[in-house]
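What follows is the residue order along each chain.
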Amino acid sequence: MRDSAFIPLEFERLDPAKQLVRSKAFYEMLRTRRTVRDFSPDPVSLELIETAIRTASNAPSGANRQPWHFVVVSDLEVKRKIREAAEAEEREFYGHRAPEEWLEALQPLGTDWHKPFLEIAPWLIVVFREDYGLVASGEKEKNYYVMESVGIACGFLLAALHAAGLATLTHTPSPMGFLAQILNRPKNEKPYLLIPVGFPASGAQVPNITKKSLSNVMTVIS
Ligand SMILES: Cc1cc2nc3c(=O)[nH]c(=O)nc-3n(C[C@H](O)[C@H](O)[C@H](O)COP(=O)(O)O)c2cc1C
């Protein structure tokens, strides 16, 4: 006997042809996802953002702790504060902190300390990881596999936003402590990713980079 409640699984068993069609359609949809660094100020409805966060919240997580929190910002003043703080950190990073090897790796992307997209994109989604939970009594509750869980949720989030016809930038201004301060987050939360979301600026360009081939990323043992 299992010692907790169980319910029937919702699972649609597809015929093999339909499985392949769906799988390929999903690939074709996500194949065109790119990191965008040049945003249009065109507005995006909160409902689209909420729906994508619902998708992200459906991700698996260690012991189902769901150790994430998403703060979504469209307020101009708050976006301005985030831009100023991020640019201060990034100016240090690009000017002093980053080792030469890291700067060389970033060179093809053409990034520098300027982060105008933090004010221009209509929404910033700031993802926080919860290193531990805080239960009603104020006591700490241990979370498990926090980094892996939040990473998976962010993957769901980026895919959901792309499916909704939105552009994203996976941004990690280094270090990100200022986000917890500006957004007044509790002490069990640490910034994980900063994701500007919106439409690309007209004529936006992206680095001409390639992805590894399937044979490079997959080994079959059958
Ligand atoms: C964890 C992580 C952190 C990243 N941080 C930054 C960042 O701070 N700034 C930036 O411009 N791009 C950042 N990126 C985006 C990567 O540069 C980008 O995903 C990579 O160059 C591949 O390009 P693509 O996303 O268009 O396929 C980050 C991506 C990941 C996964």
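See the structure above.
Residues numbered from 1 in each chain as written. Predicted model: local features only at pLDDT ≥ 70, side-chain atom pairs only at ≥ 80, totals over all residues. Heavy atoms only, no water.

A word on the side chain of Glu189. Residue position: Glu189 is located in strand E7 (residues 189–200). For Glu189, the side chain forms a polar contact with the side chain of Arg185, separated by 2.7 Å. If near-sequence neighbours (up to four positions away) are discounted, Glu189 is found in contact with His69, Phe128, Arg129 and Glu130. (Helix = DSSP H or I, 4+ residues; strand = E, 2+ residues; numbered from the N terminus. Polar contact = N/O pair within 3.5 Å; in protein donor to acceptor, adjacent residues only side chain to side chain. Contact = heavy atoms within 4.5 Å.)

Right, let's get into the layout of surface pockets. To find the voids left in a structure, one rolls a probe of water-molecule size over its atoms. Its boundaries defined by the atoms lining it, the largest pocket holds a volume of some 480 Å³. Residue lining of the largest pocket: 25 residues in total, with Arg37, Tyr94, Thr111, Lys115 and Leu169 positioned closest to the centre. For the lining of the largest pocket, the secondary-structure elements that each account for two or more residues are helix H3 (76–97) and helix H4 (100–106). Tallying contributions element by element places H3 first for the lining of the largest pocket, with three residues. Split into classes, the residues belonging to the lining of the largest pocket amount to eleven nonpolar, nine polar and five charged. Its residues placed into classes, the lining of the second largest pocket shows three nonpolar, one polar and five charged. (1 Å grid on protein atoms, 1.4 Å probe; cavity = no way out; pocket = protein on both sides within 12 Å on 5 of 7 lines; lining within 4 Å. Points joined across faces, edges and corners; volume = space filled by probe spheres on them. Nonpolar A, V, L, I, M, F, W, Y, C, P; charged D, E, K, R; others polar.)

What follows is about the nonpolar core. In this structure, Phe70, Ile125, Val127 and Leu157 are the most contacted members of the largest nonpolar core, which totals 24 residues. Broken down by secondary-structure element, the contributors of at least two residues to this core are helix H2 (46–57), strand E2 (68–73), strand E3 (123–130), helix H6 (146–163) and E7. With eight residues, H6 is the single largest residue contributor to this core. With residues up to four places along the chain from it excluded, the contact list for Ile125 reads Ile49, Ile53, Phe70, Val71, Val72, Leu157, Leu161, Leu193, Leu194, Ile195 and Val197. In this structure, Val73, Phe117, Phe178 and Leu194 belong to the second largest nonpolar core, which totals 21 residues. (Core = buried A, V, L, I, M, F, W, Y, C linked by side-chain atoms within 4.5 Å. Buried < 20%, exposed > 50% of the residue type's maximum accessible area, 1.4 Å probe, protein only.)

Let us look at the environment of Ala167. When you line up the elements, Ala167 lands in strand E6 (residues 167–168). When the C-alpha positions of Ala167 and His69 are compared, they lie 21 Å apart, and in sequence the two are 98 residues distant. Once you skip the residues sitting within four places of it in the chain, Ala167 turns out to touch Val36, Phe39, Pro196, Val197, Gly198, Phe199 and Pro200.

With that settled, consider the site of the ligand. In the region of the ligand, the neighbouring residues are Arg33, Arg34, Thr35, Arg37, Leu109, Thr111, Leu169, Thr170, His171, Thr172, Ile209 and Lys211. At 2.9 Å from an oxygen atom of the ligand is found a side-chain nitrogen or oxygen belonging to Arg33. One nitrogen or oxygen atom from the side chain of Thr35 is found 2.5 Å from an oxygen atom belonging to the ligand. When isolated, the ligand has an accessible area of 610 Å², and the protein chains bury 68% of it. Here the residues of the shell around the ligand are counted per class, giving three nonpolar, five polar and four charged. (Near = heavy atom within 4 Å. Areas by Shrake-Rupley, 256 points an atom, 1.4 Å probe, with all protein chains shown as cover.)

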